[in-house]
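Examination of the molecular architecture
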Amino acid sequence: MDHIICRNGLFASVDVVHLMKEGTLLASGSRDRYLNILDLNKLDMENPDSVKDAMVLSLNNAHRGWIWSMTSHGDTLLTGSWDTYVSFWDLAAGGTVNQRVKCKSAVLCTNFDQGNVVAGSYDKLVYVIDPRAGIVQERRQHKRPVLCMALDDNYILTGSEDNTISVFDKRAGEVYKTITMEKYPMSMSYGLGQLWVGDKCGQIHLYNARHGQFNIVETYDVGHTGKITDIRHSLGSIITCSTDRTIKILEPSCNPGVITTLAEHTGEVAGIDFQNDVLASACSDVSIGIWRPKCDASVS
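These numbers come from a predicted model, not from an experiment.

A word on the overall build of the protein. A count of helices and strands for the protein gives 1 helix and 28 strands. In terms of overall dimensions, the protein has a C-alpha envelope of 50 × 45 × 30 Å along the principal axes. The proportion of buried residues among the 300 residues of the protein is 56%. Sequence separation of at least 24 residues holds for 42% of the intrachain contacts in the protein that already meet a minimum separation of 6. About 12,900 Å² of surface is accessible on the protein, with carbon and sulfur atoms providing 45% of the total. Looking at the protein, you have 28 positive and 35 negative side-chain charges, and the mean spots of the two groups are 7 Å apart.

Structure follows, in structure tokens:
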């Protein structure tokens, strides 16, 4: 894998990264309120200064608070911030804002859901937002802030500082199951019949999500010594990052051994994203990490 640590155009801790367009666009949000988007096709992995040529959008007033969450659908990038707003950015129109929706507290996690947006907030609420009409539903499923979220056609999963994961049944319109954890969840990855959860003490947990079971399979210590700030799983790997400044690539199995540990950052790794064999990381050392295959012709 080629890798590069990018610092150009960054002036504060980076809290979130998000890959779009099959891993060719990389969006990042930081504590200086900047929203940056890189075209990775224009990035020379051996030349950090090439970030200047790869930058397709850089907004220093994207939000009035820290940009904490990102998701996308097509050409629409969604950002959630500590300024309590969810913003919809139209990248096909040069990054203009189509809509801003105000919640009651800091927006900590977001996801698109069949035309709507689901947002988890510091005020313990889960918001359902129609981009055209604003907030259409508020649900109080937790007793503490909502930190992480994942969903599919059947369920919306939210993890909270109250040490629970709430499984909301979309068809029934009610909470289907509440999973209680010993330590609160900070990140989750849901799909392929599996739910992987990273907690505040550095452990990861596997739940069997087939047929709506959501039963615990096993808890693993993979060597992290800090909080698991993000986790991604696929058929090829499980990837975790932590406040211990490392990213770990794990075997995609029921006994996930460590394939390799990436320790290029000098600060806490706040988040990762993985798409089309491209890995990106956000870090408190005022940098973004990018790893991608050496022989990937699509980004050469």
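Walk down a regular strand and you will see the side chains alternate between the two sheet faces. When you tally the buried positions in strand E12 (residues 125–130), you get 6 out of 6 residues, the bulk of the element. Burial of the side chains of E12 extends over both faces: Leu 125, Tyr 127 and Ile 129 are buried on one face and Val 126, Val 128 and Asp 130 on the other. Here strand E11 (residues 116–121) runs beside E12; their pairing, made up of 4 bridges, is antiparallel. Counterpart to Val 117 in the pairing with E12 is Ile 129. Taking the residues that link successive antiparallel strands as the turn, the E11-E12 hairpin has 3 residues, and the phi of Lys 124 there is positive, at about 80 degrees. For E12 and strand E13 (residues 134–140), the ladder comprises 6 bridges, and the chain directions are antiparallel. Paired with Asp 130 across the bridge in E13 is Gly 134. The turn linking E12 back onto E13 is made up of 3 residues.

Strand order in the open sheet formed by 4 strands is E6-E7-E8-E9, with antiparallel pairing between adjacent strands. Looking along the sheet, the strands with just one partner apiece sit at the ends: strand E6 (67–73) and strand E9 (96–102). The mean angle between the axes of side-by-side strands here comes to 20 degrees, regardless of whether they run parallel or antiparallel.

Within this structure, the stated rule accounts for 9 salt bridges. Arg 132 is paired through a salt bridge with Asp 130; the nearest N and O atoms lie 3.2 Å apart. We classify Asp 130 as buried; its relative accessible area is 14%. A network of salt bridges, in which partner residues are shared, links Asp 230, Arg 232 and Asp 273.

Cut-offs applied
Residues numbered from 1 in each chain as written. Predicted model: local features only at pLDDT ≥ 70, side-chain atom pairs only at ≥ 80, totals over all residues. Heavy atoms only, no water. Helix = DSSP H or I, 4+ residues; strand = E, 2+ residues; numbered from the N terminus. Buried < 20%, exposed > 50% of the residue type's maximum accessible area, 1.4 Å probe, protein only. Contact = heavy atoms within 4.5 Å. Areas by Shrake-Rupley, 256 points an atom, 1.4 Å probe, with all protein chains shown as cover. Lys, Arg positive; Asp, Glu negative; His and termini not counted. Charge placed at Lys NZ, Arg CZ, Asp CG, Glu CD. Pairing = 2+ DSSP bridges. Axes fitted to C-alpha atoms, helices over the stretch in contact; angles between N-to-C directions. Salt bridge = Lys/Arg side-chain N within 4 Å of Asp/Glu carboxyl O.

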